[in-house]
Amino acid sequence: MADAVPVVKLEGVRKAYGTGTPVEVEVLHGIDLELQRGEFVALTGPSGSGKSTLLNIIGLLDRPTAGRLLISGRETGRLNDTELTQLRGHSIGFIFQTHCLISAFTALENVMMPQLVASEFPNDAIRARAEELLDQVGLTRWKDNLSSNMSGGQQQRVAIARSLAMNPVLILADEPTGNLDTKSADGALDLMRQVNRDHGTTFLIVTHSMDIAHRCDRIIDVVDGQIVN
Amino acid sequence: MTNWVPFEWTAAIRFLKEGRMQTLFIITGVSIGVAVIVFMSALLSGLQANFIKRVLTSSPHIQLIPADEIARPLRGGAGIIEAAIVQRPAQRLRSIDQWQKVRAQLQTWPDITNVSPSVSAAALAVRGAASRSISLTGIDPEVYFNIVPLPDYIVAGQPRLTSDDIIIGLDLGIDLGVTVGDKLTLTSATGASRVMTISGLFDLGNKGANKRVAYVALRTAQTLSNLAGGVTSIDLTVRDVYAAETIAQAVETATGVQADSWIKTNAQFFTAVNAQQTSNTMIRLFVGLSVAFGIASVLVVSVIQRSRDIGILRAMGTSQGQILRIFLLQGALLGFAGSLIGSALGGGTLVYWHNALRQADGSEIFPLILEPQLFISAMVLAALTGVAAAAVPAMRAAQLDPVVAIRG
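Now for a description of the structure that goes with this document. (Residues numbered from 1 in each chain as written. Chains lettered and ligands numbered in written order. Predicted model: local features only at pLDDT ≥ 70, side-chain atom pairs only at ≥ 80, totals over all residues.)

So, about helix 2 (residues 81-91) of chain A. Along helix 2 of chain A, the positions that sit buried rather than exposed are A:Thr85, A:Arg88, A:Gly89 and A:Ser91. Buried positions along helix 2 of chain A lie against strand 4 (66-71), strand 6 (92-95), helix 3 (107-119) and strand 7 (170-174) of chain A together with helix 12 (307-315) of chain B. (Buried ≥ 20, exposed ≤ 12 C-beta atoms within 10 Å, placed from the backbone. Helix = DSSP H or I, 4+ residues; strand = E, 2+ residues; numbered from the N terminus. Contact = placed C-beta atoms within 7 Å.)

Written out as C-alpha cells, the structure is:
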C-alpha cells in the first residue's frame, strides 16, 4: 500500500512572481504531476519555460502561489519554514549543475554534510556511511581532496554520493551533466541510474539534452509553464 | 573533522581558514585595536595608581578638623541701629570637641582602616643664629605610620618619637646645619619653647615638604601648642580611596565634625584623573567601534562570496538558525583570536616601555599593573563585539532565499 503513495504529487500548482504588483507574472499555470517511487524522469523544456521553478517547488525551496504539493503523501502547504527545511533535509537530495560542493570541505566531509546538519556532531557512523557512498561512486582515493583539487566529473560524482547520504526518497538534479564532457556526463548518468535501480530512489532530472532525456523512463516536457507532454 | 566539535563550529572555522587573507587582515586589525585598548588601560591605571600614591603618601584620605568659628552678633532691642557688617573672627588653634569619643566611634566603621589623632601647629626651629619656620605635627607614631609610612622615607636615624625627639626633613637639617643626634630649639606660636633631639631625617621626595615639615610626639605638640589633651585633627584612611568623599560626608553627618576627603582637598587633581578616565573610555569606545565595523565589513563580503555555499547548505536541510550561528561564530572567533594576539601585543609593549623608559635615578616612571581581569575582560568584550558585529551579516545570510543563493 505504501508504494502506491506517490513520492511527489502536484495538484493545480501555480507560481506567480510580483504578486499584487503591476508586473505580476505567472510562470506555472496549474501543474498536475505525479512521480512514483523508483521512477527515473527527465524534465525538459526551453529556457524560461518554468522547469527550474517547478524543480524548486518540488524541492521545497520555493512555495507555490496556489495548488497543492504532497511529498510522500504529506501535505506541504501548511508546513512552516522549519518543518519544510526538516522535510527537505530528510526526504530530498539535490544535485546542482555548478558549484555543487562546498569548497571549504573535503569530498568526504561534503558527503557527510547532510547527516551532520541533521545530527550536529560528527560520529563514526556518519563517517562510515559517507565512505561507503564515496566507494559506491568510485572516489575512495579522493576522499580527502578539496573540491578545488578535483575534476568536474569527480565533483559531480561526489554530489551524487552526497545526495544519497540521507537515503532520500527523491533526488532532484538540475542539469547535472551540463558542465561535463561527454564521458563524464555518461558516467554520472550511469551512476544515477544505478542508484535508482539499487535503492529505488526517484529521480527528477532537469535537462536540455534530448540524449539524456531519452535515457530516462519518462519525459515531462514543460512549455510556457504548462506540461505539454 | 573532530567528533566533539559541532557542525557550526567546524563550518565557521573552515570558512575563516578558506578566506585566509581576509581573516589574516581582520585579525591583524582587531589585534591592533585590542593592543591599543590593553596598553592604554594598563598604562593609565599604572599612572593613576602612581599619582594617587604620590598624593596620598604624605596625607590622609580624610581629615577631621574643628568647624570654623563664626561670629554670632547679639541683636539689640528696638530703637538700636546695628551695622550690617559682621567681621569674620580669626581662627585660633582649637581642639576637636570630645575627640576621644569621635575616634572610638570611627574605629568601629568597617570602611575606615586607620584613625590617627594629631596636632598641627606652626613653630620656629632655631639652631644658633639660624631659624626656620616649620609646620609641626604631633603624632601617635603607632597609628600615624600606618597612614603615612614615614619609616620608609627615613634616610638617616630612626623613626623614633619619644617626648624629646623630633624627626625633620633632610633639607631643613641642611638649612640648620644639623643631623641625627643634634639638638634644636622649638618655639611655638604660643611662646612655649623646648629643646628637641633629632632622631631621624626623612626625604619625602618634595623639597618644600622636606624644608617645612617636622614630626614630634603627640604630647609634645600638645604642650607646645597649649592644647593639653586636645587634638587639632583626626586623620583617617579608608579601604576604597575613591569612596573617600562619600565616607567623609557620612562621618560629618555622624560626628558633627568637619571632614575633608583627599578628593575635596585635591579637587583639581581628581578632576584631571576623571578627565583622563573619560578620555580613555572614549578612545576605547571608538577603537572598539572601528574593530566592530572591520569585522562586520569582512563578514558582509564573506556572506556575498559564500551565497552559493549558503544555498547548498540550506538545500541540504540546514536551518536558518544554523546559518546564523555559523556567521555569528565567525565574528566571535575573529574577535577572540584578535584579542588573544592584541592582549599579548599590548601587554608586551607595556612591559618593554616600562623597562626602557626610566627616571634619571633608574626608578620606574609608572608602576606596571597588568591585572588578569584586564585581559579577560578584553577577550570577552572582543568576542562579544565580534558577535554583535556579525549580527547583521549573519541575519542576512540566514535570510538568503536558497533559490536565489544557489543561482548566485
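This part takes up the sheet that holds strand 7 of chain A. Residues and elements named next belong to chain A. The mixed open sheet is built from six strands, whose spatial order is 6-7-8-3-9-10. Sheet topology places strand 6 and strand 10 (226-227) at the edges, where each strand pairs with a single neighbour. Here strand 3 (residues 40-44) pairs with strand 8 (residues 202-206) via four bridges, running parallel. Residue pairing for strand 8: Leu-43 is matched across the bridge by Val-206. The sheet contacts of helix 5 (residues 152-163) involve strand 6 and strand 7, and relative to strand 6 the element is tilted by about 175°. (Pairing = 2+ DSSP bridges. Axes fitted to C-alpha atoms, helices over the stretch in contact; angles between N-to-C directions.)

Once that is clear, we can look at the sheet that holds strand 5 (residues 74-75) of chain A. Strands belonging to one sheet form pairs held by backbone hydrogen bonds; the direction of such a pair is parallel or antiparallel. Residue and element names in this part refer to chain A. Pairing is antiparallel in the open sheet, where four strands are placed in the order 2-1-4-5. In this open sheet, the two strands that pair with only one neighbour each are strand 2 (25-35) and strand 5. Inspection of the sheet shows strand 1 (residues 8-17) paired to strand 2 by eight bridges, in the antiparallel sense. Counterpart to Lys-9 in the pairing with strand 2 is Glu-34.

What follows deals with the packing of helix 11 (residues 267-305) of chain B against helix 13 (residues 320-356) of chain B. Two quantities define a packed helix pair, namely the angle between the axes and the distance from one axis to the other. Residues and elements named next belong to chain B. As a packed pair, helix 11 and helix 13 sit with axes 11 Å apart at the nearest point and diverge in direction by 140°. Where helix 11 crosses over helix 13, the handedness of that crossing is right-handed. Seen from helix 11, the contacting residues are Ile-295, Leu-299 and Val-303; seen from helix 13, they are Phe-327, Gln-330, Gly-331, Leu-334 and Gly-335. Its residues assigned to classes, the contact of helix 11 with helix 13 shows five nonpolar, three polar and no charged. (Left-handed = near helix turned anticlockwise from the far one by under 90°. Nonpolar A, V, L, I, M, F, W, Y, C, P; charged D, E, K, R; others polar.)

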